[in-house]
Amino acid sequence: WIAMARWTCGQSDEALAIAEEGLAFVRDARQPFLLARGLAAVGFVRVFRGDPQGPGSPLVEAIALCAEQGFKYFHAVVSAFHGASLAQSGRAAEGVAQMQANVITLRNVGSELLFTLIFAHLASALLAEQRIQEGLAAIDDGLACVERNGERWAEAELHRIRGQLLTAGGMPEAVDAEACFQRALRIARG
């Protein structure tokens, strides 16, 4: 969590270093969930940073461990972030499908933790696919989670991506894009 907090404060190098330090600390732990969480932390920060992650990434390792140990909830969370990683590596359609499937899984267990981040990544992947209306719907879902749950991890990012979607869509609402970007800046500065 400290690594994620550092990332939100704009300290991406420190965030990655802390996540990697945490993973090293639990690497030999006898509690599989600690290892899964440590792997996921490194993977999450790499997704936040937009770092490419290949087949042997910490997220893939965490997914395998979660499946082996029966950590269904955490498997869905990590898989959603892996979908974001896939989208960032140019596999947007696959990433979108993975994120959407895991949002359903998480909703079925009654959790919306980290949904603001997941919906921001989903909307970004939908933008890459030029699926503008679906991207805007993902933004609406993410902002509804902000209001409903008070989770503000990606509130600024949701507004920034909304601005990009409006601009890319060439929609009459594109004039509102500048307001989205300004709001994103105000939130991020706050």
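Residues numbered from 1 in each chain as written. Predicted model: local features only at pLDDT ≥ 70, side-chain atom pairs only at ≥ 80, totals over all residues. Heavy atoms only, no water.

Visitor: Sorry if this is basic, but what is going on with the side chain of N102 here?
Guide: Relative to the elements of secondary structure, N102 occurs in helix α6 (residues 92-108). For N102, the side chain forms a polar contact with the main-chain oxygen of Q98, separated by 2.8 Å. (Helix = DSSP H or I, 4+ residues; strand = E, 2+ residues; numbered from the N terminus. Polar contact = N/O pair within 3.5 Å; in protein donor to acceptor, adjacent residues only side chain to side chain.)

Visitor: Any chance you could explain the nonpolar core here in plain terms?
Guide: Of all hydrophobic cores here, the largest spans 59 residues; its most connected members are F44, V78, F81, F119 and L165. Among residues more than four places away in sequence, those in contact with F81 are F44, V47, F48, L59, L114, L117 and I118. (Core = buried A, V, L, I, M, F, W, Y, C linked by side-chain atoms within 4.5 Å. Buried < 20%, exposed > 50% of the residue type's maximum accessible area, 1.4 Å probe, protein only. Contact = heavy atoms within 4.5 Å.)

Visitor: For this particular structure, what's the right way to read the layout of surface pockets?
Guide: With a probe scaled to a water molecule rolled over the atoms, the places where space remains empty come into view. Considering only enclosed or pocket space, the largest pocket measures out at about 540 Å³ in volume. Along the walls of the largest pocket sit 23 residues, with W7, L117, W153, A154 and E157 positioned nearest its centre. Of all elements in the fold, only α1 (2-8), α5 (72-88), α7 (115-128), α9 (155-169) and α10 (177-189) reach the threshold of two or more residues within the lining of the largest pocket. A per-class count over the lining of the largest pocket returns 14 nonpolar, five polar and four charged. Put simply, the second largest pocket is a space of about 220 Å³. Looking at the second largest pocket, the residues that line it are W1, I2, A3, M4, I18, A19, G22, L23, V26, R37, G38 and A41. Elements that contribute at least two residues to the lining of the second largest pocket include exactly α1, α2 (12-26) and α3 (32-49). At five residues, α2 tops the list of elements feeding residues into the lining of the second largest pocket. Broken down by class, the residue content of the lining of the second largest pocket amounts to nine nonpolar, two polar and one charged. (1 Å grid on protein atoms, 1.4 Å probe; cavity = no way out; pocket = protein on both sides within 12 Å on 5 of 7 lines; lining within 4 Å. Points joined across faces, edges and corners; volume = space filled by probe spheres on them. Nonpolar A, V, L, I, M, F, W, Y, C, P; charged D, E, K, R; others polar.)

Visitor: So what exactly am I meant to see when it comes to the packing of aromatic side chains here?
Guide: Think of a pair of aromatic rings as described by two things: how far the centres are apart, and how the planes are tilted against each other in angle. Within this structure, the stated rule accounts for seven aromatic pairs. Between W1 and W153, the ring centres sit 6.0 Å apart and the planes meet at 35 degrees, which makes this aromatic pair tilted. A residue pair is termed long-range when its members are at least 10 positions apart, and W1 in the segment before α1 and W153 in the loop between α8 (132-149) and α9 qualify at 152 residues. Given a relative accessible area of 25%, W153 falls into the partly exposed group. Following the ring pairs from residue to residue traces out a cluster consisting of W7, F44, F48 and F81. Cation over ring: R37 sits above W1, and NZ or CZ is 5.1 Å from the ring centre. (Phe/Tyr/Trp six-rings, centres within 6.5 Å; stacked < 30°, edge-to-face > 60°. Lys NZ or Arg CZ within 6 Å of the ring centre and 35° of its normal.)

Visitor: What should I look at first to understand α8 in this one?
Guide: Think of an α-helix as turning once every 3.6 residues; residues three or four places apart then point the same way. For α8, spanning 18 residues, the distance from its first C-alpha to its last is 25 Å, which sits close to the expected 26 Å at 1.5 Å a residue. For α8, every residue scored as buried is listed here: I132, G135, L136, A138, I139, G142, L143, C145 and V146. At its buried positions, α8 is contacted by α7 and α9. G150, located one to two residues past α8, shows a positive phi value of around 75 degrees. (Expected span 1.5 Å × (residues − 1).)

Visitor: Looking at this model, I keep getting lost on α7. Mind explaining?
Guide: Over its 14 residues, α7 extends 20 Å from the first C-alpha to the last, a length consistent with the 20 Å expected when each residue adds 1.5 Å. Judged by how many residues are buried, α7 sits mostly within the fold: 12 of 14 residues are covered. Inspection of α7 places F115, T116, L117, I118, F119, A120, H121, L122, A123, A125, L126 and L127 among the buried residues, and these make up the whole buried set. Buried residues along α7 sit in contact with α1, α3, α5, α6, α8 and α9. Where α7 terminates, the next one or two residues include Q130, which has phi positive at roughly 60 degrees.

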